[in-house]
Amino acid sequence: MAFPHKIRFFAWIGMGLLLAMAAQAQQPPPAAPPPKHTAPEHPAIEPAALEILKAASARLAAAKAISFSALTTYEHPARSGQPLYYTTLSEVVFQRPNKLRVITPADGPPSEFYYDGRVMVAYDPAVDLVAVTDAPANFEAAMKQALESAAIYFPFAEILVADPYANLSEGLTSAFLVGQSKLVGDTVTDIVAFANDNVQAEIWIGVEDGLPRAIRTIYPKEPGQGRTEIQFSNWHLDADVAPAAFTTPHLTTSPRMSFARPDAPPSPPVKSAPAKQQ
Amino acid sequence: MSRGEFAMSKLSIAAVVAGLMILGTGPANAWMRGGYTPSGGHWGAGGSDGHWAGSWNGHTGGGSYGTTDNGTHYATTDRGGSATASDGSWSSQSASGRTNSGTYGTTAYGTHYATGSYGGTVATNDGSWAAGRNGQYAYGNTYSGASGYGYHPPAVVNQYYGTGCYNCGGWSAGGAAAAGAVAGAAVGVAAGAAMASNAYAAGYAAGSVYAALPAGCIYTPIGAQTYYQCNGTWFTPSYGANGTYYSVVPAP
């Protein structure tokens, strides 16, 4: 009975096809290609962060007189390479455009630094010695001279320059708002992080008064990537400052010393003139 | 010649070359600018297997270097210049015949230095370099080439010298030159009977700096300059790195 066998064979084939079609009909349609969905690109430099920096800088730039206390902590490696923390307290009085007084009672030997737009003076009360030298009338130039000629560097002077915002925003590669702190500086502060190729900084700026309460900096290209932190307190803006604040009576009474870098190499020998032939 | 001295000699020669290259750079102005050479210059040098090569703003040079049997270190340029160094002295002759010579060495605090006949000086310490000519110095960092008013970590005149912290490091890591730091005004009346003729008695190296004077120093002003005689060694005070320090100097 070949015929019925053929019928049965095609019947099975037909049922198989129907089942296959039914199964096909129950499967979900092939997934469509995902839509091109990319997150909006976030700016590396947030305008909100810059606005906070600008406001703080404008406040400082507009002040004719500024005084504050700066507790500076910085790292310097020991002979073994272990980072050591050094801390100094500086009582700072600055009068625009070009007068600065920095009294450092501790840590380390106490010292006094004066700049009145004409000369810079350093007085060491522990040993009663005074150094004096002519200085440029421009504040930034004077600070540069202090650094280059005597390795004198006041990190807080970076916010005292004529245009603090230009100084802080030079070559920025990132700037963003971290958040707010209720702990730093005994007030509410905005925390802004910013960086360029050479420095990574974080600054705490008072929400109410726009004044810095702390700055932390890391210099990735420096050996050891030492950290510096400045805590600001006792801010006073536009208070009267007597001219005598920027000089010291010891200028005329104390033995002199010179400004010089301690890392300067020994002076080269003077080449003597050849002896004359008789 | 120890391995360290040999390395020092190579360092000195390299420092002279690098220092002369660097002197043309000017300072930067701002905090955020640290970490580059303001003039945009780049320099580099290296050597191996007795040959060296260097470059400065695209100008290149090369030559050979080595040490003779008697311990003299030498370097030559492909153009005919040469330099030798041994026992703290060095000399050189350029391809055009111009000569120069000077000293090199290491201070008690690890500052490697070299001086030249024409007022040139270079020094390195702790990753930083200084190069000077006729009393004008340029400073930077050997790792990044930083120079100028860009941020530099404060140089430390070992502010905790009162504890005699030798291991603290810094530019005056030795702390007080000896026990008994003295106040300047009081130094004049401090007893200091022995005055040795040798300006560098008691092992003080010329150019070394100390955060405080040893005991028994006598305040000795000469003209407008302040000196201290300390048992045969002469010191002069300076203010730098946010503190006072004392340098060992020749007898005035």
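So, how was this worked out
Residues numbered from 1 in each chain as written. Chains lettered and ligands numbered in written order. Predicted model: local features only at pLDDT ≥ 70, side-chain atom pairs only at ≥ 80, totals over all residues. Heavy atoms only, no water. pLDDT = per-residue confidence, 0-100. Contact = heavy atoms within 4.5 Å. Disulfide = S-S within 2.5 Å. Helix = DSSP H or I, 4+ residues; strand = E, 2+ residues; numbered from the N terminus. Buried < 20%, exposed > 50% of the residue type's maximum accessible area, 1.4 Å probe, protein only. Salt bridge = Lys/Arg side-chain N within 4 Å of Asp/Glu carboxyl O. Expected span 1.5 Å × (residues − 1). Polar contact = N/O pair within 3.5 Å; in protein donor to acceptor, adjacent residues only side chain to side chain. Core = buried A, V, L, I, M, F, W, Y, C linked by side-chain atoms within 4.5 Å. Pairing = 2+ DSSP bridges. Lys, Arg positive; Asp, Glu negative; His and termini not counted.

### So, the confidence of the model for chain B
Alright, step 1. Mean pLDDT over chain B stands at 55; residues scoring 70 or higher make up 22%.
Alright, step 2. Under a pLDDT of 50 for its full length, residues 107-112 of chain B has, in the predicted model, 25 contacts with residues more than four places off or in other chains.

### Side note on the state of the cysteines
Residue and element names in this part refer to chain B.
Alright, step 1. Overall, the coordinates contain one disulfide over all chains when judged by the stated rule.
Alright, step 2. Each sulfur in the disulfide pair Cys217 and Cys230 lies 2.0 Å from the other. Looking along the S-S bond of the Cys217-Cys230 disulfide, the torsion reads about 115°, which is the right-handed sense. With a gap of 13 residues between them, Cys217 in strand S13 (residues 217-222) and Cys230 in strand S14 (residues 225-230) connect regions that are remote in the sequence.
Alright, step 3. Overall, the relative accessible area of 1% leaves Cys230 in the buried class.

### A look at the pattern of salt bridges
Any two side chains of opposite charge can pair, so long as their charged atoms come close to each other.
Residues and elements named next belong to chain A.
Alright, step 1. Applying the stated criterion to the full structure yields four salt bridges over all chains.
Alright, step 2. With a shortest N-O distance of 2.6 Å, Arg213 and Asp209 are connected by a salt bridge.
Alright, step 3. Judged by its relative accessible area of 12%, Arg213 falls in the buried class.

### Some remarks on helix H3 (residues 139-150) of chain A
Alright, step 1. Over its 12 residues, H3(A) extends 16 Å from the first C-alpha to the last, a length consistent with the 16 Å expected when each residue adds 1.5 Å.
Alright, step 2. Those residues of H3(A) that sit buried are A:Phe139, A:Ala142, A:Met143, A:Lys144, A:Ala146, A:Leu147 and A:Ala150.
Alright, step 3. In this structure, the buried side of H3(A) is in contact with strand S2 (83-95), strand S3 (99-106), strand S4 (111-115), strand S5 (119-124) and strand S12 (256-259) of chain A together with strand S15 (233-240) of chain B.
Alright, step 4. By the N-cap criterion, in which a side-chain oxygen at the helix start approaches the backbone nitrogen of a residue two or three places on, H3(A) is capped by A:Asn138, the distance to A:Glu140 being 3.0 Å.
Alright, step 5. Downstream of H3(A) by a residue or two, A:Ala151 has a phi angle that is positive, lying close to 55°.

### Structural notes on the nonpolar core
Residue and element names in this part refer to chain A.
Alright, step 1. Grouped together as the largest cluster of nonpolar side chains are 60 residues, with contacts concentrated most on Leu100 and Phe156.
Alright, step 2. Broken down by element, the residue count for this core peaks at six residues, all from helix H2 (residues 47-62).
Alright, step 3. The residues touching Phe156, leaving out its near neighbours within four places in the chain, are Phe68, Ala70, Thr72, Ser90, Val92, Val102, Ile230 and Phe232.
Alright, step 4. In this structure, Tyr114, Val119, Val121 and Val130 belong to the second largest nonpolar core, which totals six residues.

### Re the pairing of strand S6 (residues 129-134) of chain A
Residues and elements named next belong to chain A.
Alright, step 1. Relative to S6, S5 runs antiparallel, the two sharing six bridges. Note on S6: the bridge partner recorded for Ala122 is Ala131.
Alright, step 2. As paired strands, S6 and S12 are joined by two bridges and run parallel to one another. Its bridge partner being in S12, Val130 is matched across the sheet by Arg256.

### Some points on the side chain of A:Glu112
Residue and element names in this part refer to chain A.
Alright, step 1. Tracing the chain through its elements places Glu112 in strand S4.
Alright, step 2. One buried charged side chain, Glu112, makes no salt bridge at all; its nearest oppositely charged neighbour is Arg101, positioned 7.8 Å away.
Alright, step 3. Of note is the side chain of Glu112, whose polar atom sits 2.5 Å from the side chain of Tyr114.

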